[in-house]
Amino acid sequence: MKVAVICGSHELYLDEKALADQFIIGVDRGAFHLLERGISPDLAIGDFDSVTPEEYGAVSQATRELIHLPCEKDETDTEAALNLVLQRGASEVTLYGALGGRIDHTLANIRLLLQFVKKGLYVQLVGEKNRLTVLSKGEHHLEATAFKYLSFFALESTVTHLTLKNVKYPLVNYTLAQDDIRCISNETLGADYQVKFESGYLLMISSCD
């Protein structure tokens, strides 16, 4: 099951065409943003502390399923949404509205990428000019897109034997430490590219101007 999770960003980029075959979740104010665009979410979840009573009423009437979380809890609304779809068998999640705004929220959402790749769930954060995901060890054959600029950062531990192929600046068996920024601003070449490494977790950022 492919899932689109929409958070409560004030500057929400949304690829509405990509939503056609996805299960749509509105997180907190993200559910109301969907209604403003004429989209009824399949599920709305959150403590809804960022909507007015009138907006909450509109969300509760329009959504197929609503889960109201307590304001005081140990996980963010977005984290709760991801745990829910993991339990329900999601295979891939696209997270909109999770970039920009408060830097602590953005950093927390990037940490969620690492948390859920460890659980076997592929999650990507998508904005107008950036797409972020975390890769686990192995060989990844990836399709080139309009987001042609690539940057890679080691998360949690050193990434070993990093090899990049069919990119402007290829690498072979490189050791990428957490404080190493050598792998910033690479570029795709051709229709696809390859990323391979033997250990660690790799944050991959695809960007466009």
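Everything in this summary refers to the structure shown in the same document. (Residues numbered from 1 in each chain as written. Predicted model: local features only at pLDDT ≥ 70, side-chain atom pairs only at ≥ 80, totals over all residues. Heavy atoms only, no water.)

Thoughts on the nonpolar core
In plain terms, the rule: Among buried residues, the Ala, Val, Leu, Ile, Met, Phe, Trp, Tyr and Cys ones that are joined through side-chain atoms within 4.5 Å form a nonpolar core. The cut-offs for exposure are 20% and 50% of the maximum accessible area for each residue type, with area from a 1.4 Å probe on protein chains only; residues under the lower value are buried, those over the upper are exposed, and the others partly exposed. Here a strand is any run of E in DSSP of at least two residues, a helix any run of H or I of at least four, and the numbering for each starts at the N terminus. Contact criterion: two residues are considered in contact whenever any of their non-hydrogen atoms come within 4.5 Å of each other.
Counting residues in each nonpolar core, the largest one holds 31 residues, and the members touching the most others are Val5, Ile25, Ile45, Val93 and Leu203. Here this core takes six residues from helix α4 (residues 103-117), the largest share from any one element. Once residues lying within four places of it in the same chain are set aside, the contact partners of Val5 are Ile25, Val27, Ala81, Val93, Thr94, Leu95 and Tyr96. Formed by 18 residues, the second largest nonpolar core is a distinct cluster that contains Leu142, Ala154, Leu164 and Tyr174.

Concerning the layout of surface pockets
Filter applied, for reference: The way it works is a 1 Å grid over only the protein atoms, where trapped points that fit a 1.4 Å probe form a cavity and open points with protein on both sides within 12 Å along at least five of seven lines form a pocket, and then any residue with an atom within 4 Å of a point lines it. Grid points are joined across faces, edges and corners, and a volume is the space filled by probe spheres set on the points. Only Asp, Glu, Lys and Arg are considered charged, only Ala, Val, Leu, Ile, Met, Phe, Trp, Tyr, Cys and Pro nonpolar, and every remaining residue, Gly among them, polar.
Put simply, the second largest pocket is a space of about 310 Å³. Looking at the lining of the second largest pocket, the elements with two or more residues in it are β6 (122-126), β7 (130-143) and β11 (192-207). Broken down by element, the lining of the second largest pocket gets its largest block of residues, six residues, from β7. The residue makeup of the lining of the second largest pocket, split by class, is nine nonpolar, five polar and two charged.

Observations regarding the side chain of Glu55
By secondary structure assignment, the location of Glu55 is in helix α2 (residues 53-62). Among the residues examined, Glu55 registers a relative accessible area of 15% and is labelled buried. Beyond its immediate sequence surroundings of up to four residues, Glu55 is in contact with Arg29, Phe32 and Ser50.

A look at the packing of helix α3 (residues 77-87) against α4
Worth spelling out the cut-off: Every axis corresponds to a line fitted to the C-alpha atoms, with the helix fit spanning only the stretch in contact, and the corresponding angles, defined between N-to-C directions, vary from 0 to 180 degrees. Should an angle fall under 35 degrees it is taken as roughly parallel, and over 145 as roughly antiparallel, whereas 65 to 115 is taken as roughly perpendicular and any remaining angle as oblique. By convention the crossing between two helices is left-handed if the near helix lies anticlockwise of the far one by an angle smaller than a right angle, and right-handed if it lies clockwise.
Closest axis-to-axis distance for the α3/α4 pair is 11 Å, and the angle between their directions is 25 degrees. Here α4 runs roughly parallel to α3, going by the angle between their axes. In this structure, the crossing between α3 and α4 has a hand that is right-handed. Along the contact surface, α3 presents Thr78, Glu79, Leu82, Asn83 and Leu86, while α4 presents Asn109, Leu112, Gln115 and Phe116. In the contact of α3 with α4, the residues fall into four nonpolar, four polar and one charged.

A short note on unusual backbone geometry
Here the phi dihedral of Asp28 falls at roughly 55 degrees; this positive angle occurs in a residue that is not glycine. Mapped onto the elements of the fold, Asp28 is located in the loop between β2 (23-27) and α1 (29-36). Although it is not a glycine, Glu156 adopts a positive phi angle of roughly 70 degrees. Following the sequence through the fold, Glu156 ends up in strand β8 (residues 149-165). Glu156 gets classed as partly exposed once you look at its relative accessible area, which sits at 42%.

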